[in-house]
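Chain by chain, the residues run as shown.
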Amino acid sequence: MAKKFLITGNWKMHGLAASLREIGAIAGHAAQCSGVDVAICCPATLIERAARYAPTLTIGGQDCHSQVQGAHTGEVAAAMLADAGARLTIVGHSERRSDNGETDAIVKAKAEAARAAGLGAILCVGETEAQRDAGQAASVVLAQLLGSMPDGAGCDWLTIAYEPVWAIGTGRVPAAADVAEMHQLIRSQLAASLGEDGDAMRILYGGSMKASNAAELLAVPNVDGGLVGGASLTADAFCPIIDAAAQLQR
Ligand code: PGA
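Predicted, not measured: the structure shown is a model, and the values here were computed from it.

(A) Region of interest: the side chain of Lys 110. With respect to the helices and strands, Lys 110 occurs in helix H5 (residues 104–116). In terms of polar contacts, Lys 110 uses its side chain to reach the backbone carbonyl oxygen of Cys 64, at 3.2 Å. Once you skip the residues sitting within four places of it in the chain, Lys 110 turns out to touch Asp 63, Cys 64, His 65, Ser 66, Val 91, Arg 96 and Glu 102.

Structural data, given as structure tokens:
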């Protein structure tokens, strides 16, 4: 099933007020590529300003707490992201799974919290290099997918991102055939669990996507967009990825 590409930037712990001009330039470019959905998941501190500065661009968060509110110093609730102007959030990024010990159950609860606040969610899964070397990539990714899948999952609000941990920020990318195999596996599982919604759900690839490899990665069957870290921090690096998607537009 043909799906509109979604190209999402993940700014991680980067971005001060001066970075808003990059958001403005990205928004301007995205507005000319109506066949591609574009989002920037910026730090929580920039969401409100980014949403005001670039009202046509989808702004997202990078994480949310699983609870609606409460005594959780330093945490950000999904409703707070929405209130600041976010329309979606990443959940279960591998950096949060490893840095913060987030389990599949926690990620599932976070995705459900995002949905309850009216946000879309991009749920990340991916194997480490040791797991791939041990031949466990498929079983690890499937277990994460099943364990993190929120109740009420639907293609209208949930997106999956396959991000091999060893490809994140390393400049290394899996062979197109390996990406195809993993995305097919995820697709089959989504279809088995969710039926038509699973067929229609977007599956993004993430991990060292950049201008020079975006066209090849986006052309892989069942790759419905990208989750882009380092190459999303400037309009110069990010816009060519949007263009690659626009050229392949389905
Ligand atoms: P990268 O990060 O593009 O810098 O590899 C991707 C991600 O972690 O989402």
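(B) Region of interest: helix H1 (residues 20–31). Spanning 12 residues, H1 covers 16 Å between terminal C-alpha atoms, matching the ideal 16 Å at 1.5 Å per step. Looking at H1, one finds that the buried residues are Leu 20, Ile 23, Ile 26, Ala 27, His 29 and Ala 30. Each element contacted by the buried residues of H1 is listed here: strand E2 (36–41), helix H2 (44–53), strand E3 (58–61) and helix H11 (235–248).

(C) Structural context of the pairing of strand E4 (residues 88–91). Judged by which residues are buried, E4 turns out to be covered on both faces: Leu 88 and Ile 90 on one side and Thr 89 and Val 91 on the other are all buried. Pairing of E3 with E4 involves two bridges; the strand directions are parallel. Looking across to E4, one finds that Gly 61 is bridged to Thr 89. Bridge analysis of E4 against strand E5 (residues 120–125) gives four bridges, and the strand direction is parallel. Within E5, the residue paired with Thr 89 across the bridge is Ala 121.

(D) Just the pattern of salt bridges, in detail. With the rule as written, the count across this model stands at 14 salt bridges. For Arg 52, the salt bridge is made with Glu 48, and the minimal N-O distance between the two is 2.7 Å. A residue pair is termed a helical-turn pair when its members lie 3 or 4 positions apart in one helix, as Arg 52 and Glu 48 do in helix H2 at four residues. Residue classification places Arg 52 among the exposed positions, given a relative accessible area of 63%.

(E) Spatial organisation of the sheet that holds strand E1 (residues 5–10). Ordered by their spatial adjacency, eight strands build a closed barrel running E1-E2-E3-E4-E5-E6-E7-E8, and the pairing between neighbours is parallel. Put simply, the sheet's adjacent strands are angled 25 degrees from each other on average, direction ignored. Where E2 meets E3, three bridges bridge the pair, whose relative direction is parallel. Across the sheet, the residue bridging to Ile 40 is Ile 59, located in E3. In this fold H11 packs onto E1, E2 and strand E8 (225–228), with an angle of close to 170 degrees to the strand it touches most, E1.

(F) Structural context of the environment of Arg 187. For Arg 187, the location among the structural elements is in helix H8 (residues 176–194). What makes Arg 187 buried here is its relative accessible area of 6%. C-alpha separation for the pair Arg 187 and Ala 200, spaced 13 residues apart in sequence, amounts to 9.2 Å. Residues in contact with Arg 187, not counting those within four places in the same chain, are Lys 3, Gly 198, Asp 199, Ala 200, Met 201, Ile 203, Asn 222 and Asp 224. Within polar-contact distance, the side chain of Arg 187 engages the backbone oxygen of Gly 198 at 2.8 Å.

What counts and what doesn't
- Residue numbering note: each chain is counted from 1, following its sequence as written.
- Per-residue local features of the predicted model are confined to residues with pLDDT of at least 70, and side-chain atom pairs are confined, for both listing and counting, to 80 or more; whole-chain, interface and lining totals are unaffected and use all residues.
- Heavy atoms throughout the structure, all of them, feed into the side-chain values; hydrogens and water do not.
- The helix count covers DSSP runs of H or I at least four residues long, the strand count covers runs of E at least two residues long, and both are numbered beginning at the N terminus.
- Pairs of N or O atoms are called polar contacts if they sit within 3.5 Å, as long as, within protein, a hydrogen donor faces a hydrogen acceptor (for residues adjacent in sequence, only side-chain-to-side-chain pairs).
- Only heavy atoms enter the contact rule, under which two residues are in contact if any of them lie within 4.5 Å.
- Helix span, as expected, comes to 1.5 Å for every residue beyond the first.
- The buried label goes to any residue with under 20% of its type's maximum accessible area, the exposed label to any with over 50%, and the partly exposed label to all in between, with areas taken from a 1.4 Å probe on protein chains only.
- At least two bridges found by DSSP between two strands are what make those strands a pair.
- Salt bridge, as applied in this entry: a Lys or Arg side-chain nitrogen positioned within 4 Å of an Asp or Glu carboxyl oxygen.
- Simply put, an axis is a line fit to the C-alpha atoms, just over the touching stretch for a helix, and the angle between two N-to-C directions goes from 0 to 180 degrees.

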